[in-house]
Structure formats: C-alpha cells, structure tokens
Amino acid sequence: MLNILIFGPPGSGKGTQSLRISDKYGLSHISTGDILRNEVDRQTSLGKKAGKIMDRGELVPDELLIDILHSMMEKNRVAKGFIFDGFPRTIVQAKELDALMEKLNNDIHIVISLEVPDEEVVARLLKRAELEGRTDDNRETVGNRLKIYNQQTAPLLDYYSRQGKLRTVKGVGRIDEIFKDVSSIIDKELSTYRLKRNN
Ligand code: B4P
C-alpha cells in the first residue's frame, strides 16, 4: 500500500495534482475540502456547521475531521493506497493519522509540499472565484486562509521533515510540468520501497 500526503497553501494546486496522482498510481483520493463542500451542498448537520466556518476561511474543528477520516478509511478498505489532499491541516490531525496508520500496520510514505508564493495563490483563487464562484474564494477570506495556513498548518512541514518524509516541489509553472516533478518523486520512492520489500 502506498500512502501519499499532499501539502501546500490554499490554491497551491493540491486538488489539481491529487487527481493526476490518483489516476496514474491508482490511489484513492481523499479530499477533505471536497467532502466538506458536499456536506454543505446537502445541508447535513455537519455541512451546516462547517459551511459558516469555511466561509470565514477558518479550519473546521479537528474532531469533525477525525470522524470524516475514520469513515473514509472504513469505506475504502480495499484501496491500493491513499492520496490525502488537504488533510492533515493541524498537528492534532497529523498525530491522529499517524495513530490510525500504526493501528492498520501501515504508514504515510511520502509528503509532497507544493511551494507557491502568496501573491500567486491569491491571484489563482480570485480567478477561480470568477470561474467557479466558490464562496470562500474572495479577497478577505483568502487572506484569512493564508494566515491560518501559516499559523496552524505550516508547522506540519517540520513535523514531517523530522520523520524524513518531506519532499518539496516548485508549484509554479505549467500543471503538467509540476506533475512530472511530483511523479519523479513518487517513482523514486516506489523503487526504494520495492527494493526493500524484495530484500
Ligand atoms: P480545500 O478544498 O482543501 O481548498 P484549498 O486549500 O483552496 O485547495 P484546493 O485543492 O481547492 O485548490 P488547488 O490548490 O488545487 O479546503 C477548503 C476549506 O475546507 C478550508 O479553508 C477549510 O475551511 C476546510 N478544510 C478542508 N480540509 C480541512 C481540514 N483537514 N481541517 C480543517 N478544515 C479543513 O487549486 C487552486 C486553483 O489554482 C484552481 O483553480 C486550479 O485550477 C489552479 N491551479 C492549480 N495549479 C495551477 C498552476 N500550476 N498554475 C496556475 N493555476 C493552477
């Protein structure tokens, strides 16, 4: 089983690259943003709570995300592996994911961090607002999402770097060029993983 985590500020291309990774390597794609937006659209009790928080650009409480994680892992028991997109976003979530992986006798193998400057992500999200009309893609909320990313999510870079799992990719440029860099990291990791398994 291969488990990959994709990491980066809002608008860095996590969703965009995750779909390609899922397709090429046959991994189940878990996007907590997509799951939450689906709950909001269906006006479930979780969606009603989460929608207001997302519109302010804040993070949905850890306990709700942890419930989502458990239910997604349960639904995808036969998966070849996972690409986690937008999860974890806090140290509490990362520790919960590690504990769950250990319980399943599994691991997170690679953490890919997409590096994109603030002014580029703001421009991308404002453009997406025009194209898709996502309610959290306005100038004020985007500023808050970036602030919260730097305060609560960026410390995870150090967490995974200390585990020796962090790989960084320049996330600016053509989407297929970025995907080439992402793929070469995954391919290298896969060959080391297979070598270890065969020895
Ligand atoms: P997400 O859905 O994860 O939203 P995001 O960070 O904006 O990333 P997204 O995947 O959509 O954008 P992408 O970078 O692919 O989260 C939304 C909200 O949900 C959060 O703010 C939070 O409230 C809540 N939430 C989710 N997970 C949570 C968790 N674990 N804990 C607590 N709360 C949680 O792409 C952005 C745009 O850039 C797209 O339009 C794309 O086409 C474009 N783009 C991509 N690559 C490009 C490139 N190379 N060049 C130019 N444009 C590019």
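Described below are features of the structure shown in this document. Every chain is numbered on its own, with residues counted from 1 as its sequence reads. Per-residue local features are limited, in this predicted model, to residues with pLDDT of at least 70; the limit for side-chain atom pairs, both in listing and counting, is 80 or more; totals at the level of whole chains, interfaces and linings are taken over all residues. The basis for the side-chain values is all heavy atoms of the structure; hydrogens and waters are excluded.

A look at the environment of Ser28
As a reminder of what qualifies: A run of DSSP states H or I qualifies as a helix once it reaches four residues; a run of E qualifies as a strand once it reaches two. Both are numbered from the N-terminal end. The contact criterion used is simple: two residues touch if any of their non-hydrogen atoms lie within 4.5 Å.
Considering the arrangement of structural elements, one finds Ser28 in strand S2 (residues 28-31). It is 15 Å that separates the C-alpha atoms of Ser28 and Asp107, two residues lying 79 residues apart in sequence. Leave out the neighbours within four places in its chain, and Ser28 touches Asn76, Ala79, Gly81, Phe82 and Ile83.

Focus: helix H3 (residues 45-55)
Convention followed: Residue exposure (1.4 Å probe, protein chains only): buried if accessible area is under 20% of the type maximum, exposed if over 50%, otherwise partly exposed.
Residues of H3 that are buried include every one of Leu46, Gly47, Ala50, Gly51, Ile53 and Met54, and no others. Gly57 sits one or two residues past H3 and shows a positive phi near 80°.

Details of the nonpolar core
Quick reminder of the rule: Residues belong to one nonpolar core when they are buried, are Ala, Val, Leu, Ile, Met, Phe, Trp, Tyr or Cys, and are joined through side-chain atoms within 4.5 Å.
Counting 31 residues, the largest nonpolar core has Leu5, Val60, Met73, Phe84 and Leu97 as its most contacted members. Every element with two or more residues in this core is listed here: strand S1 (2-7), helix H2 (32-41), H3, helix H4 (62-75), strand S3 (81-85), helix H5 (91-103) and helix H8 (155-162). Take this core: its biggest share by element is six residues, from H4. Apart from the residues within four sequence positions on either side, Leu5 is in contact with Phe84, Phe87, Pro88, Leu97, Ile108, Ile110, Val111, Ile112 and Tyr160. If you look at the next biggest cluster of nonpolar residues, it comprises 17 residues, including Leu2, Ile4, Leu27 and Ile83.

Topic: the packing of aromatic side chains
The description of an aromatic ring pair rests on the distance of the ring centres and on the angle between the ring planes. Let me state the cut-off plainly: A pair of Phe, Tyr and Trp rings is counted when the ring centres sit within 6.5 Å of each other, with Trp represented by its six-membered ring. The angle between the planes then sorts it: under 30 degrees is stacked, over 60 is edge-to-face, the rest tilted.
Scanning the entire structure with this criterion turns up three aromatic pairs. Residues Phe7 and Tyr149 carry aromatic rings whose centres are separated by 6.2 Å and whose planes lie at 55° to one another, so their mutual orientation is tilted. Taken as a pair, Phe7 in strand S1 and Tyr149 in helix H7 (residues 139-153) lie far apart in primary sequence, 142 residues in all. You'll find Phe7 and Tyr149 in the same group, each marked buried.

Examining the site of the ligand
Heads up, the condition is: A cutoff of 4 Å decides nearness: a residue is near a molecule or strand if any of its heavy atoms lies inside that distance of it. Polar contact is defined as a pair of N or O atoms within 3.5 Å, subject to the rule that within protein one atom must be able to donate a hydrogen and the other to accept it, and that residues adjacent in sequence are counted only when both atoms are side-chain atoms. Areas reported as accessible are Shrake-Rupley estimates using a 1.4 Å probe. Residue values count occlusion only from the protein chains shown. Three categories are distinguished: nonpolar for Ala, Val, Leu, Ile, Met, Phe, Trp, Tyr, Cys and Pro, charged for Asp, Glu, Lys and Arg, and polar for the others, with Gly belonging to the last.
Near the ligand, the surroundings consist of 29 residues, among which Gly13, Thr32, Arg37, Glu58 and Arg145 are the closest. Within the side chain of Arg37, an N or O atom sits 2.8 Å from an oxygen atom of the ligand. Against a free-state accessible area of 1000 Å², the protein chains account for coverage of 88% of the ligand. Elements supplying a minimum of two residues to the shell around the ligand: helix H1 (14-25), H2, helix H6 (118-132) and helix H9 (175-198). Looking at the shell around the ligand element by element, the count peaks at four residues for H2. Residues belonging to the shell around the ligand are distributed by class as follows: nine nonpolar, 11 polar and nine charged.

Observations concerning the sheet that holds S3
The following threshold applies: For two strands to be treated as a pair, DSSP must find no fewer than two bridges joining them. To get an axis, fit a line to the C-alpha atoms, keeping to the stretch in contact for a helix; angles then go from 0 to 180 degrees between the N-to-C directions.
Pairing is parallel in the open sheet, where five strands are placed in the order S2-S3-S1-S4-S5. A single partner strand is all that each edge strand has here, and the edge strands are S2 and strand S5 (166-170). On average, each strand axis in the sheet is tilted by 20° relative to the strand beside it, whichever way the strands run. Two elements, S2 and S3, share four bridges in a ladder whose sense is parallel. Within S3, the position partnered with Ser28 by the bridge is Phe82.

Details of H2
Applicable threshold: The arc in question is traced by the directions running from the helix axis to the C-beta atoms.
Those residues of H2 lying buried are Thr32, Gly33, Ile35, Leu36 and Glu39. Buried residues of H2 fall within an arc of 165° about the axis and therefore sit on the same side. In the core, the buried residues of H2 are packed alongside S2, H3, H4 and S3. Directly beyond the C-terminal end of H2, a positive phi value near 55° is found at Gln43.

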